[in-house]
Amino acid sequence: MTTADGERSQTPPSAQPTPGRGFPDPYEISTPEGAEGWEEMYAYHNRFLYARRAEDSAKTWFRNSLHFPEVSYPFDQLIVDGAFTGTGVTNTRVFVLPPAKGLDVRVVNGYTYMSTIPSPDEEEQARRAEEFAKRAGHYFRNWETLYAEWQDRVTDAIRTVHDLEVPPLSEFEPIERVLEERGPSQGNQLLAAYHRLLEHGDRIWTLHSEFLNLGYAAYLRFLTLCKEHFPEIDDQTISRMVSGIDVLLFRPDDELRALARKAEELGVGDAVRAATTGEELITGLGGTGAGRRWLAALEESKDPWFHFSYGSGMYHSHRSWIDDLTLPIQAIGDYIDRLREGDDLVRPLEKLQAERDALVDQYRSLLDEEDLPGFDEALGLARLVFPYVENHNFYVEHWFLTNFWNKVREFSALLQKWGFWEDVEDIFFLRRAEVEEAVVDLQMAWGAGGDPQGGHHWPEVIRRRKEIYAALSGWNPPPALGPVPEEISEPLTIMLWGITPETVERWLAAQGDGANGTTLSGFAGSPGVAEGRARLVLRPSELDAVQDGEILVAPVTSPSWTPVFGRIRGAVSDIGGIMCHAAIVSREYELPAVVGTGFGTSTIKTGQLIRVDGDTGTVTILDEAADVS
């Protein structure tokens, strides 16, 4: 059965697969055994429809494994929809970017694929450029003021979701409602609260993209200018000219370092090192004044800095530090050990800034006098906007979504109490529209004093979807679908996802021969060379296994993995370009990194000795050690 068979009975195929060199046709992808019927987990607009086969089969679809590396849960799909909607509306309708609109998005066997919507013709781009200049120019001229306002708006959205009340559906309405307020019932409020949650879950993505693409645009302007003046300059050198700028991305890790210092100052370092859970911390430290002072400092750090997802934040299942203290406790213990070994735990910010400034001076000295103002202006703007390019990630993907997922769990707990399902996490196997059906079911039953029907309907649906999810998780999705693109020149695709013509050629070669060999190529994400034993981390739950001196090999890394970077010698990722998180964090921590290798996790085994050359973008397997994980 193919992935679009669910549509065949309504609309028969109208075109044949695209012939010639290319990736699998999206309409010819087979459904993994055990995942039959997966289509019902996603809305029709998420799927390939046979009525559009001629159009969609002619396009190249890249898998978005940078943001959505795993199978989407049915409810979590609203995050995929929201993220692409935010990007599209900001590019197309708000700032009117001349050459770029948004992206088409589809789900195949639970994985997210995207395809760029064609750029407008030259005449249309010229018309859009006039609008873009007025709109983007206003933001660039008033960046700091508008960014401060943005911080207030997004913080307000976070607090609103956190404070959103899920009505308890008590036996009787409070007497005050009858005697004084005479407002909506708890049933009315329940449905309104769910709509309110969805409203904020949707709007946050417009906030997410409001400054982001302008930030990338400013950086691209500087990158393009550098390449015009210095054709031989590489992307890594350009990125180092805007490095050494403190961003919120590093603040959670800074909090852990500060807590390690505090533990040593108070003489409770051993008690902190002995704990592995929050309960053990309280037991071990709550009996002394010094211990209680350290616990108070921990509580102060938690809000907001522990609202940091173990993964990308895009999946409810990754949880955050505030929900599971395992990683931060381990990291604080590691930092205590490093303090005792004489490490001051200070990030090399001043050193990076000195190197950055020397690099800028070197290239400025090569420019003619008349070119200097333009170079300085572009560099200044790139540095001005760079903090937002990283800071938005903490505000939205981590702080907001931690609160959002936990608020969904509050709705689920109420439905669980009324017998809809057994586990609070079960709600995520329903689509958002289906959750609304459940809410209305409960609203009607509670109002009438009866029993809802959900407990007779959803458990079997959820049981079957868990089977499907497990089957889809074992499938190996191709990196792209459809024909080979004639060219790849869209700068964001290259800079963020690391997709280049060379990347596509590697993907094509791997289709025929597999990803064999002892050398992998990717982007030179962070300079330097390191050798060490590889540690594959395919999901956040495997981070605990990373040992001192190993080289992290992952599909993609998350900002919340930053404390782990204190233990490793280098990093390798399957996906990502010069501005992906693995590259940025590695540069700030002076670790060699090669990103966008494509097949690092399917080629390298845990325990193998590997060399990471962050200057040339190559990874070499130095021995054939077996997987020792």
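This structure is a prediction, so every number in the text was calculated from the model and none was measured.

### Remarks on the pattern of salt bridges
Any two side chains of opposite charge can pair if their charged atoms end up close together.
Then comes step 1: Overall, the coordinates contain 45 salt bridges when judged by the stated rule.
Then comes step 2: For Arg465, the salt bridge identified is with Glu40, shortest N-O distance 3.3 Å. With Arg465 in helix α17 (residues 454-473) and Glu40 in the loop between α1 (5-8) and α2 (53-57), this residue pair connects regions lying 425 residues apart in the sequence.
Then comes step 3: Judged by relative accessible area, which is 2%, Arg465 ranks as buried.
Then comes step 4: Here Glu434 makes a salt bridge to Arg465, at a shortest N to O gap of 2.7 Å.

### Quick look at the layout of surface pockets
In this approach, a probe sized like a water molecule rolls over the atoms, and the result shows the empty space that is left.
Then comes step 1: The volume enclosed by the second largest pocket comes to roughly 290 Å³.
Then comes step 2: Taken together, 16 residues make up the lining of the second largest pocket; nearest its centre are His45, Asn46, Asp104, Val105 and Arg106.
Then comes step 3: For the lining of the second largest pocket, the elements supplying multiple residues, two or more each, are α3 (77-94) and β2 (103-108).
Then comes step 4: Looking at side-chain class alone, the lining of the second largest pocket contains seven nonpolar, three polar and six charged residues.

### Digging into the side chain of Gln608
Then comes step 1: Relative to the assigned elements, Gln608 resides in the loop between α21 (600-603) and β11 (609-613).
Then comes step 2: Side-chain polar atoms of Gln608 contact the backbone nitrogen of Lys605, separated by 2.8 Å.

### Quick word on the side chain of Ser586
Then comes step 1: Among the structural elements, Ser586 can be located in helix α20 (residues 581-588).
Then comes step 2: Exposure remark for Ser586: the relative accessible area of 0% places this residue in the buried category.
Then comes step 3: Sequence-distant contacts of Ser586, defined by excluding residues within four places in its chain, comprise Ser526, Phe565, Ala571, Leu591 and Ala593.

### Describing unusual backbone geometry
Then comes step 1: Residue Pro304 follows Asp303 across a cis peptide bond; omega there is 15°.
Then comes step 2: Along the polypeptide, Pro304 turns up in helix α12 (residues 289-305).
Then comes step 3: Look at Val96: it is not a glycine, yet its phi comes out positive at around 55°.
Then comes step 4: Relative to the helices and strands, Val96 resides in the loop between α3 and β2.
Then comes step 5: Unusually for a residue other than glycine, Arg319 sits at a positive phi of about 50°.

### Description of the nonpolar core
Then comes step 1: With 190 residues, the main nonpolar core has Phe75, Phe222, Trp294, Phe375 and Phe404 as its most contacted residues.
Then comes step 2: What Phe75 contacts, discounting residues up to four positions off in sequence, is Tyr194, Leu198, Phe404, Trp405, Val408, Ile427, Phe428, Leu430, Arg431, Arg432 and Val435.
Then comes step 3: Of all hydrophobic cores here, the second largest spans five residues; its members include Phe523, Ala582, Ala583 and Val595.

### As for the sheet that holds β11
Pairing between sheet strands relies on hydrogen bonds along the backbone, with the strands arranged either parallel or antiparallel.
Then comes step 1: Ordered by their spatial adjacency, eight strands build an open sheet running β5-β12-β11-β7-β8-β9-β10-β6, and the pairing between neighbours is mixed. Both edges of this open sheet fall to β5 (519-521) and β6 (523-526), since each of them pairs with a single strand only. Across the sheet, the mean angle separating the axes of adjacent strands is 30° when strand polarity is ignored.
Then comes step 2: The sheet contact formed by β6 and strand β10 (residues 593-595) spans three bridges and is antiparallel. Looking across to β10, one finds that Ser526 is bridged to Ala593.
Then comes step 3: Sheet strands in contact with α20 are β6, β9 (570-573) and β10, and its direction is about 45° off that of β6.

### Looking at the packing of aromatic side chains
By convention here, two paired aromatic rings are described through the distance between centres and the angle between planes.
Then comes step 1: Using the criterion set out here, one finds 38 aromatic pairs in the structure.
Then comes step 2: Here the aromatic rings of Phe23 and Trp507 are separated by 6.3 Å at their centres, their planes lie at 70°, and the arrangement is edge-to-face. Taken together, the residues span a long stretch of sequence, with Phe23 in the loop between α1 and α2 and Trp507 in helix α19 (residues 501-513) at a distance of 484 residues.
Then comes step 3: Seen from their ring centres, Tyr73 and Tyr469 are 4.2 Å apart, and the 20° between their planes marks the pair as stacked. A residue pair is termed long-range when its members are at least 10 positions apart, and Tyr73 in the loop between β1 (61-63) and α3 and Tyr469 in helix α17 qualify at 396 residues.
Then comes step 4: Given a relative accessible area of 10%, Tyr469 falls into the buried group.

### Points about a nonpolar patch on the surface
Then comes step 1: A grouping of Ile175, Val178 and Leu179 is seen on the molecular surface, where their side chains present a nonpolar patch of about 300 Å² in accessible area.
Then comes step 2: Residue Leu179 is classed as exposed on the basis of its relative accessible area of 58%.

### Focus on the sheet that holds β1
Then comes step 1: An order of β2-β3-β1-β4 is seen for the four strands of this open sheet, with the pairing classed as antiparallel. Each end of this open sheet is capped by a strand with a single partner; those strands are β2 and β4 (480-481).
Then comes step 2: Here β2 pairs with strand β3 (residues 111-116) via six bridges, running antiparallel. From the neighbouring strand, Val107 faces β3, where its bridge partner is Thr112.
Then comes step 3: Along the sheet, α3 contacts β2 and β3; its crossing angle with β2, the most-contacted strand, is approximately 165°.

### Side note on helix α14 (residues 349-364)
Then comes step 1: End to end, α14 covers 22 Å across 16 residues, agreeing with the expected 22 Å (1.5 Å per residue, within 8%).
Then comes step 2: All of the buried residues along α14 are Leu349, Leu352, Arg356, Leu359, Val360 and Tyr363. Each buried residue of α14 lies within a common arc of 100° when the element is viewed along its axis, so the set occupies one face.
Then comes step 3: On the buried face of α14, the contacting elements are α8 (235-240), α15 (372-417) and α20.

The rules behind the values
- Residues numbered from 1 in each chain as written.
- Predicted model: local features only at pLDDT ≥ 70, side-chain atom pairs only at ≥ 80, totals over all residues.
- Heavy atoms only, no water.
- Salt bridge = Lys/Arg side-chain N within 4 Å of Asp/Glu carboxyl O.
- Helix = DSSP H or I, 4+ residues; strand = E, 2+ residues; numbered from the N terminus.
- Buried < 20%, exposed > 50% of the residue type's maximum accessible area, 1.4 Å probe, protein only.
- 1 Å grid on protein atoms, 1.4 Å probe; cavity = no way out; pocket = protein on both sides within 12 Å on 5 of 7 lines; lining within 4 Å.
- Points joined across faces, edges and corners; volume = space filled by probe spheres on them.
- Nonpolar A, V, L, I, M, F, W, Y, C, P; charged D, E, K, R; others polar.
- Polar contact = N/O pair within 3.5 Å; in protein donor to acceptor, adjacent residues only side chain to side chain.
- Contact = heavy atoms within 4.5 Å.
- Core = buried A, V, L, I, M, F, W, Y, C linked by side-chain atoms within 4.5 Å.
- Pairing = 2+ DSSP bridges.
- Axes fitted to C-alpha atoms, helices over the stretch in contact; angles between N-to-C directions.
- Phe/Tyr/Trp six-rings, centres within 6.5 Å; stacked < 30°, edge-to-face > 60°.
- Patch = residues over 30% accessible without salt bridge, like charges linked within 9 Å, V, L, I, M, F, W, Y side chains within 5 Å.
- Areas by Shrake-Rupley, 256 points an atom, 1.4 Å probe, with all protein chains shown as cover.
- Expected span 1.5 Å × (residues − 1).
- Arc of directions from axis to C-beta.

Read these as spatial facts, not as claims about activity.
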